[in-house]
Amino acid sequence: MTQLGARAVVLGGSMGGVLAARVLAESYAEVVVVERDRVLGVSTPRRGAPHTVHAHGLHARGHLILEELFPDLTEELRAAGVPTGDLGEMRWFFNGRRIQPAHTGLVSVTAPRPVLENHVRNRVAAITNVTLIEECDVLGLVATADHEQIVGVRVRRRTDPAEAEVIDADLVVDATGRGSRTPAWLDELGFQRPEEERVKVGLAYTTRHYRIRPEMFDGVQSINPVASPAHPRGAFFGQVAPDVCILSLTGLLGDYPPTDPDAFLEFVRSLPVADVYEAVRDAEALDEAVSFRFPASVRRRYDRLLRFPGRLLVVGDAFCSFNPVYGQGMSVAAIQAMTLRSHLRLGRPPEPHRFFADLSRVVDTPWDISAGGDLDFPGVEGRRNLKVRIGNAYMARLQYAATKDPEVTNGFMRVAGLMDPPQALMRPSMVRRVLRHAIRRPGPGPSWRDTTPAPAVE
Ligand SMILES: Cc1cc2nc3c(=O)[nH]c(=O)nc-3n(C[C@H](O)[C@H](O)[C@H](O)COP(=O)(O)OP(=O)(O)OC[C@H]3O[C@@H](n4cnc5c(N)ncnc54)[C@H](O)[C@@H]3O)c2cc1C
């Protein structure tokens, strides 16, 4: 492949960063990844990525891309004890009702996020022209005198905090996540900051791990009562290792799941279905609960900037960070890496405006799914245009129809897994299946506490 430059520098060594490094290594003589944490061989949550303690599902599309970039990764993960299964065969609840299980052929990998990241990072670190500099803070960009081109980054190693140094670069890729400082750096260089689209969700995840008991999952890989407007409390409860499972509770609009053990269990009991409570009420907890707040989904419109310095790109959560309950971020980062690869394969250094235009197209659908879905919750602020209103009204019917018809589950999982575009759900054969079961928007499924005497919290 054409060599496009001597050195590309990637800022941030989490999923977005290492996936970008993987494809850049095909086109640059050297790729340097700068990461503030110690990460090599680390398969536990770390300071720079506190969200990684919480449940992370990998969508089918992300899984396929990872397998393409890292052949036999799935087998490697399985051998390391990571459970895998069929996405449609998990126990999913929408609006308080269980949807029909369906064999989709889409692989679900439920690795703890730091474990998945560690396997992927090890593969990237093993590429001969990739260097990972750990415990090193990125301080800023270095530009030409006219500020038109980025030519390096200023960094400070934590091992040598007195000295800042410059790493020269032919291309800089910012993958430092939601807290990315590129908007501020653009400002300093005399460029405009990107506009930000925000959907405030006031979300929090609170997570604990438990020792698995055989009866907990009854043959399924995970049990997921997903939040809906009528039942806004949700949970992801899944096996992550042969004897360990994770329970992440989700609460919206300031209804944060508590960390206190009794209050945590009370929140579990308030879920619309009994399954998770029955499984954990007397289970052995392996850690204290930890919480992470996610105030808003943020899409930075780099694609709309008229002026932007050359030799600088932005990817991953730094470009767009989605409400995590839709489980899209890692898969979108993987799709973005493939977009970067296609730009590199043009045989010239990526041009930021064209790259951002393509990245924006990548982000459009997952953003519509996440931001549009959030607007179904009456308390979430934002404009509900016709597309959003029709989309949410149809999705409520479709999820109800999936409680009756596994073919609907299959179609739904393919779209949620970013395999098919949402338009696939509007095909006449699918619309017929949906309307057969739900001509009107269905009301909420009853909560189990309305029909069962509440067991005492122990
Ligand atoms: C609670 C929660 C649950 C989620 N669940 C899912 C899920 O189920 N499925 C899914 O696909 N996605 C999920 N996501 C999203 C997913 O975590 C991200 O999309 C994914 O991590 C990609 O992020 P990134 O690599 O772009 O950024 P990050 O993961 O935020 O990584 C940024 C990296 O940059 C480093 N860094 C930052 N600043 C500097 C600096 N100045 N110098 C050096 N290094 C720096 C950090 O240490 C970190 O390693 C979830 C997110 C949250 C918050």
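Being a predicted model, the structure only gives us computed values, none of them experimental. (Residues numbered from 1 in each chain as written. Predicted model: local features only at pLDDT ≥ 70, side-chain atom pairs only at ≥ 80, totals over all residues. Heavy atoms only, no water.)

Q: Is there a simple way to think about the overall build of the protein in this case?
A: The secondary structure content of the protein amounts to 13 helices and 18 strands. If one aligns the C-alpha atoms of the protein with their principal axes, the spans along those axes are about 70 × 45 × 40 Å. Within the span of the protein, comprising 458 residues, buried residues form 55% of the whole. Nonlocal contacts in the protein, meaning residues at least 24 apart in sequence, comprise 72% of its contacts between residues at least 6 apart. A total accessible area of about 19,200 Å² is found for the protein, and carbon and sulfur atoms account for 51% of it. Across the protein, 55 positive and 55 negative side-chain charges occur, with their mean positions spaced 6 Å apart. (Helix = DSSP H or I, 4+ residues; strand = E, 2+ residues; numbered from the N terminus. Buried < 20%, exposed > 50% of the residue type's maximum accessible area, 1.4 Å probe, protein only. Contact = heavy atoms within 4.5 Å. Areas by Shrake-Rupley, 256 points an atom, 1.4 Å probe, with all protein chains shown as cover. Lys, Arg positive; Asp, Glu negative; His and termini not counted. Charge placed at Lys NZ, Arg CZ, Asp CG, Glu CD.)

Q: Quick question: what am I supposed to make of the packing of helix 10 (residues 386-402) against helix 12 (residues 428-437) here?
A: Axes are the key here: two packed helices are described by the angle between their axes and the distance separating the axes. One way to put it is that helix 10 packs onto helix 12 with a least axis distance of 8 Å and a crossing angle of 80°. Put simply, helix 10 runs roughly perpendicular to helix 12. Of the residues in helix 12, those in contact with Tyr394, Arg397, Leu398, Tyr400 and Ala401 of helix 10 are Met430, Val431, Arg433, Val434, Leu435 and His437. Residue composition of the contact of helix 10 with helix 12, grouped by class: 8 nonpolar, 1 polar and 2 charged. (Axes fitted to C-alpha atoms, helices over the stretch in contact; angles between N-to-C directions. Parallel < 35°, antiparallel > 145°, perpendicular 65-115°, else oblique. Nonpolar A, V, L, I, M, F, W, Y, C, P; charged D, E, K, R; others polar.)

Q: Help me understand the layout of surface pockets in this model?
A: To find the voids left in a structure, one rolls a probe of water-molecule size over its atoms. Empty space within the second largest pocket amounts to approximately 190 Å³. What lines the second largest pocket is a set of 14 residues, and nearest its centre among them are Arg61, Val362, Thr365, Pro366 and Leu418. Considering every element that reaches the lining of the second largest pocket, the biggest residue donor is helix 9 (residues 352-374), with 5 residues. (1 Å grid on protein atoms, 1.4 Å probe; cavity = no way out; pocket = protein on both sides within 12 Å on 5 of 7 lines; lining within 4 Å. Points joined across faces, edges and corners; volume = space filled by probe spheres on them.)

Q: Please explain empty space enclosed by the protein as it appears in this structure.
A: In the structure shown here, the tally under the stated rule is 4 cavities of 30 Å³ or more. Its boundaries defined by the atoms lining it, the largest cavity holds a volume of some 50 Å³. Around the largest cavity sit His343, Leu346, Arg348, Pro349, Pro350, Glu351 and Arg354, which together line it. Here the lining of the largest cavity is composed, by residue class, of 3 nonpolar, 1 polar and 3 charged.

Q: Looking at this structure, I do not really get the site of the ligand. What am I missing?
A: Surveying the vicinity of the ligand reveals 30 residues, the closest of which are Glu35, Gly57, Arg113, Asp317 and Met330. Glycine 329 has a polar backbone atom sitting 3.3 Å from an oxygen atom of the ligand. Of the residues belonging to the shell around the ligand, the class tally is 9 nonpolar, 14 polar and 7 charged. (Near = heavy atom within 4 Å. Polar contact = N/O pair within 3.5 Å; in protein donor to acceptor, adjacent residues only side chain to side chain.)

Q: Is there a simple way to explain the packing of aromatic side chains in this structure?
A: Given two aromatic rings, their pairing is described by the distance between the two centres and the angle made by the two planes. Taken as a whole and judged by the stated rule, the model has 11 aromatic pairs. Between tryptophan 92 and phenylalanine 94 the ring centres are 6.1 Å apart and the planes differ by 20°, which places this aromatic pair in the stacked class. As far as the burial class goes, tryptophan 92 and phenylalanine 94 line up, both buried. Summarising the aromatic geometry, the rings of phenylalanine 308 and phenylalanine 356 are spaced 5.0 Å apart at their centres and angled 85° between planes, so their arrangement reads as edge-to-face. Taken as a pair, phenylalanine 308 in the loop between strand 16 (290-300) and strand 17 (312-314) and phenylalanine 356 in helix 9 lie far apart in primary sequence, 48 residues in all. Taking the relative accessible area as the measure of exposure, phenylalanine 356 reaches 1% and is therefore buried. Cluster of aromatic residues (ring-pair linked, three or more members): Tyr302, Phe308, Phe319, Phe355 and Phe356. In this structure, arginine 22 packs its charged tip against the face of phenylalanine 70, placed 6.0 Å from the ring centre. Sitting over the ring of phenylalanine 294, arginine 178 keeps its end group 4.2 Å from the ring centre. (Phe/Tyr/Trp six-rings, centres within 6.5 Å; stacked < 30°, edge-to-face > 60°. Lys NZ or Arg CZ within 6 Å of the ring centre and 35° of its normal.)

Q: Whenever I open this one, the environment of arginine 113 confuses me. Can you help?
A: As for its placement among the helices and strands, arginine 113 is situated in helix 4 (residues 113-125). In this structure arginine 113 comes out as buried when scored by relative accessible area, which is 5%. In this structure, arginine 113 is in contact with Ser14, Met15, His51, Thr52, His56 and Met330, ignoring residues within four places of it in sequence. Looking at arginine 113, its side chain comes within polar contact range of the side chain of histidine 56, at 3.4 Å.

Q: Would you mind going over the environment of alanine 175 with me for this structure?
A: With respect to the helices and strands, alanine 175 occurs in the loop between strand 11 (171-174) and helix 5 (182-188). Placed 155 residues apart in sequence, alanine 175 and alanine 20 show a C-alpha to C-alpha distance of 8.3 Å. Ignoring anything within four residues of it in the chain, the contact list for alanine 175 reads Val10, Leu11, Gly12, Gly16, Gly17 and Val315.

Q: Explain the side chain of histidine 119 to me, please; I cannot follow it from the model alone.
A: Looking at where histidine 119 falls in the secondary structure, it is placed in helix 4. Taking the relative accessible area as the measure of exposure, histidine 119 reaches 15% and is therefore buried. Filtering out sequence-adjacent residues up to four positions away, histidine 119 remains in contact with Leu73, Glu76, Leu77 and Ala80.

Q: Please clarify how the nonpolar core should be interpreted in this entry.
A: Nonpolar side chains tend toward joint burial in soluble globular proteins. Leu19, Leu24, Leu66, Trp92, Leu116 and Val120 are the most contacted members of the largest nonpolar core, which has 115 residues in total. It is helix 8 (residues 329-344) that contributes the most residues to this core, 9 residues altogether. Setting aside chain neighbours within four positions, we find leucine 24 in contact with Ala8, Val10, Val31, Leu171, Val173, Leu340 and Leu344. Judged by nonpolar contacts, the second largest core, of 26 residues, contains Ile223, Leu265, Val273 and Val276. (Core = buried A, V, L, I, M, F, W, Y, C linked by side-chain atoms within 4.5 Å.)

Honestly, that's just the spatial picture; any functional story needs more than this.
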